[in-house]
Amino acid sequence: MAMEPLATKGNFFHIYDFRVKTGMGEDFIRLFNEFDYSDINPMHKSPAQVKDGVLCRDVDDENHFYLIGEWRDIEIHKQIREVMIDMAPEFVKLVDSGPFVPNYAEIVTSTPQEILDKAQKDAGILNP
């Protein structure tokens with residue numbers, strides 16, 4: 001399988017950096033997944049979402065998480081976030097670090113596909 005850039009220049013990451021209540025990490029993950037993979041998650045219904053978000057857990061702190069996703073449009077993400085606030089998903093109740101609000105970052109560079117393909121070829125990963 002060919003490598004591909006993590007993200008596309010010109011798009012945006014939403015980055016949530018948060019802590020959950022002590023000892024509630026597994027419950028948070030379970031509740032997050034139940035909501036995230038359900039048919040009621042409005043984030044998954046937007047064409048502005050480029051790549052589905054990933055939930056990451058800090059390897060040094062089991063109560064510290066990151067949620068990162070790629071979007072074409074920050075304003076659409078903000079609008080959908082407001083809908084989700086009204087929905088009050090159960091997983092958000094386990095957040096213990098203040099408001100569950102993302103930082104937004106513009107993707108200003110990403111490796112061109114031909115560079116990634118060359119790197120794989122040079123490493124013998126792709127067929128010549």
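Structure report, in brief. Everything numeric in this text was worked out from a predicted model, so none of it was measured.

Right, let's get into the packing of aromatic side chains. The final tally for this structure, using the stated rule, is 10 aromatic pairs. Ring geometry for F28 and F91: centres 5.7 Å apart, planes at 85°, overall edge-to-face. With F28 in helix α1 (residues 25–36) and F91 in the loop between α2 (74–87) and β4 (103–106), the pair connects residues that are 63 residues apart, well separated along the chain. Each residue in the set Y16, F18, F28, F32, F35, F65, F91 and F100 is aromatic and connected to the rest through ring pairs, giving one cluster.

Counting 18 residues, the largest nonpolar core has F18, F28, L67, F91 and F100 as the members making the most contacts within it. Looking at this core, the elements that each hand over two or more residues are β1 (12–19), α1, β3 (64–71) and α2. With 4 residues, α1 is the largest single contributor of residues to this core. Those residues in contact with F18 that lie beyond four places of it in its chain are F28, L55, N63, H64, F65, Y66, L67, V95, S97 and F100.

If you trace the backbone, D96 turns up in the loop between α2 and β4. Overall, D96 belongs to the partly exposed group, its relative accessible area being 49%. In the structure, D96 is positioned 32 residues away from H64 in sequence and 9.7 Å away in space, judged by C-alpha atoms. If we ignore the near neighbours within four places in the chain, the residues touching D96 are R19, V20 and K21.

The end-to-end C-alpha distance of α1, which contains 12 residues, comes to 16 Å, matching closely the 16 Å that a straight helix rising 1.5 Å per residue would cover. Taken residue by residue, α1 has G25, F28, L31, F32, F35 and D36 as its buried positions. Within α1, the buried residues cover an arc of 130° as seen down the axis, which keeps them to one side. The elements touched by buried residues of α1 are β1, β2 (49–57), β3 and α2.

Trans is the prevailing form of peptide bonds, just as negative phi is the prevailing case for residues other than glycine. Residues other than glycine seldom take positive phi values, yet A88 does so here, at roughly 50°. Within the element layout of this structure, A88 appears in the loop between α2 and β4. For A88, a relative accessible area of 41% translates into the label partly exposed.

Moving on, we come to the side chain of S46. Structurally, S46 can be placed in the loop between α1 and β2. Taking relative accessible area as the criterion, S46 reaches 10% and is therefore assigned buried. Engagement of the side chain of S46 in a polar contact is seen with the backbone nitrogen of A48, the distance being 3.0 Å. Excluding residues within four positions of it along the chain, S46 makes contact with W71, I76 and I80.

Conventions adopted
- Residues numbered from 1 in each chain as written.
- Predicted model: local features only at pLDDT ≥ 70, side-chain atom pairs only at ≥ 80, totals over all residues.
- Heavy atoms only, no water.
- Phe/Tyr/Trp six-rings, centres within 6.5 Å; stacked < 30°, edge-to-face > 60°.
- Helix = DSSP H or I, 4+ residues; strand = E, 2+ residues; numbered from the N terminus.
- Core = buried A, V, L, I, M, F, W, Y, C linked by side-chain atoms within 4.5 Å.
- Buried < 20%, exposed > 50% of the residue type's maximum accessible area, 1.4 Å probe, protein only.
- Contact = heavy atoms within 4.5 Å.
- Expected span 1.5 Å × (residues − 1).
- Arc of directions from axis to C-beta.
- Polar contact = N/O pair within 3.5 Å; in protein donor to acceptor, adjacent residues only side chain to side chain.

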